[in-house]
Amino acid sequence: MTDYRYAAFLLIGVFVSAISQVMLKKAALRHYESRIAEYLNPLVICAYMLFVGTTFLSIFAYKGIPLSMGPILEATSYIYVTLFGIVIFKEKMTSRKWVALMLILFGIALYSFGAM
């Protein structure tokens, strides 16, 4: 039996991880005077600190959810990253990207029904 509070912790961790990815992409789009400044700036450091935090959230979440449920919940990151790309970076969704996203979601659904 799954305790849904643990699933919520994993989903929160996945969402925060997607935010971290956006922060890293924002940092990568900037121009830096040196290689050191590229990696040792507040945005990058904060993003990696968030990644560490999400790792601990995942460890905690797996105490209460079955291992088979983890990949299903973690795959929601594809949805978050796609939405962030459209909203924040003004990326265009081509038909090819929509098909790819639908195939990913179909695979998640197929896997989740098989895991039950």
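Residues numbered from 1 in each chain as written. Predicted model: local features only at pLDDT ≥ 70, side-chain atom pairs only at ≥ 80, totals over all residues. Heavy atoms only, no water.

**Describing the nonpolar core**
Here's step 1: Membership of the largest hydrophobic core is limited to six residues, which are V14, A18, V22, Y80, F84 and F89.
Here's step 2: Sorting the residues of this core by element identifies α1 (4–28) and α5 (77–87) as the ones contributing at least two each.
Here's step 3: The element best represented in this core is α1, accounting for three residues.
Here's step 4: Filtering out sequence-adjacent residues up to four positions away, V22 remains in contact with F84, I88 and F89.
Here's step 5: In terms of nonpolar packing, the next biggest core, distinct from the first, is built from five residues, A7, A61, I65 and L73 among them. (Core = buried A, V, L, I, M, F, W, Y, C linked by side-chain atoms within 4.5 Å. Buried < 20%, exposed > 50% of the residue type's maximum accessible area, 1.4 Å probe, protein only. Helix = DSSP H or I, 4+ residues; strand = E, 2+ residues; numbered from the N terminus. Contact = heavy atoms within 4.5 Å.)

**Thoughts on the packing of aromatic side chains**
Here's step 1: Enumeration according to the criterion identifies five aromatic pairs in this entry.
Here's step 2: Between F9 and F60, the aromatic rings sit 4.9 Å apart at their centres with planes inclined by 90°, giving edge-to-face as the arrangement. Here F9, found in helix α1, pairs with F60, found in helix α3 (residues 42–61); they are 51 residues apart in sequence, far enough to count as distant.
Here's step 3: Within the aromatic cluster, the residues linked to one another by ring pairs are Y6, F9 and F60.
Here's step 4: The aromatic ring of F89 is capped on one face by K25, whose charged end is 4.7 Å from the ring centroid. (Phe/Tyr/Trp six-rings, centres within 6.5 Å; stacked < 30°, edge-to-face > 60°. Lys NZ or Arg CZ within 6 Å of the ring centre and 35° of its normal.)

**Examining α3**
Here's step 1: The end-to-end C-alpha distance of α3, which contains 20 residues, comes to 28 Å, matching closely the 28 Å that a straight helix rising 1.5 Å per residue would cover.
Here's step 2: Residues of α3 that are buried: V44, A47, T54, S58 and A61. Seen from one end, α3 has its buried residues packed into an arc of 95°, which puts them on one side. In α3, the exposed positions that point more than 90 degrees away from the buried face belong to P42, M49 and F56.
Here's step 3: Where α3 is buried, its residues touch α1, α2 (35–39) and α4 (70–74). (Expected span 1.5 Å × (residues − 1). Arc of directions from axis to C-beta.)

**Describing the pattern of salt bridges**
Here's step 1: Scanning the model with the defined rule gives two salt bridges in all.
Here's step 2: A salt bridge links K25 to E91; its shortest N-O distance comes to 2.5 Å. Pair noted here: K25 is in helix α1 and E91 is in the loop between α5 and α6 (95–115), with a separation of 66 residues, a long-range link.
Here's step 3: Overall, E91 belongs to the partly exposed group, its relative accessible area being 32%.
Here's step 4: Taking the shortest distance from any N to any O, the salt bridge between R35 and E38 comes out at 3.5 Å. Of the two residues, R35 and E38 both sit in helix α2, three residues apart, roughly one turn of that helix.
Here's step 5: Overall, the relative accessible area of 59% leaves R35 in the exposed class. (Salt bridge = Lys/Arg side-chain N within 4 Å of Asp/Glu carboxyl O.)

**Topic: unusual backbone geometry**
Here's step 1: Located in the positive-phi region is K90, a residue other than glycine, with phi close to 55°.
Here's step 2: Following the sequence through the fold, K90 ends up in the loop between α5 and α6.

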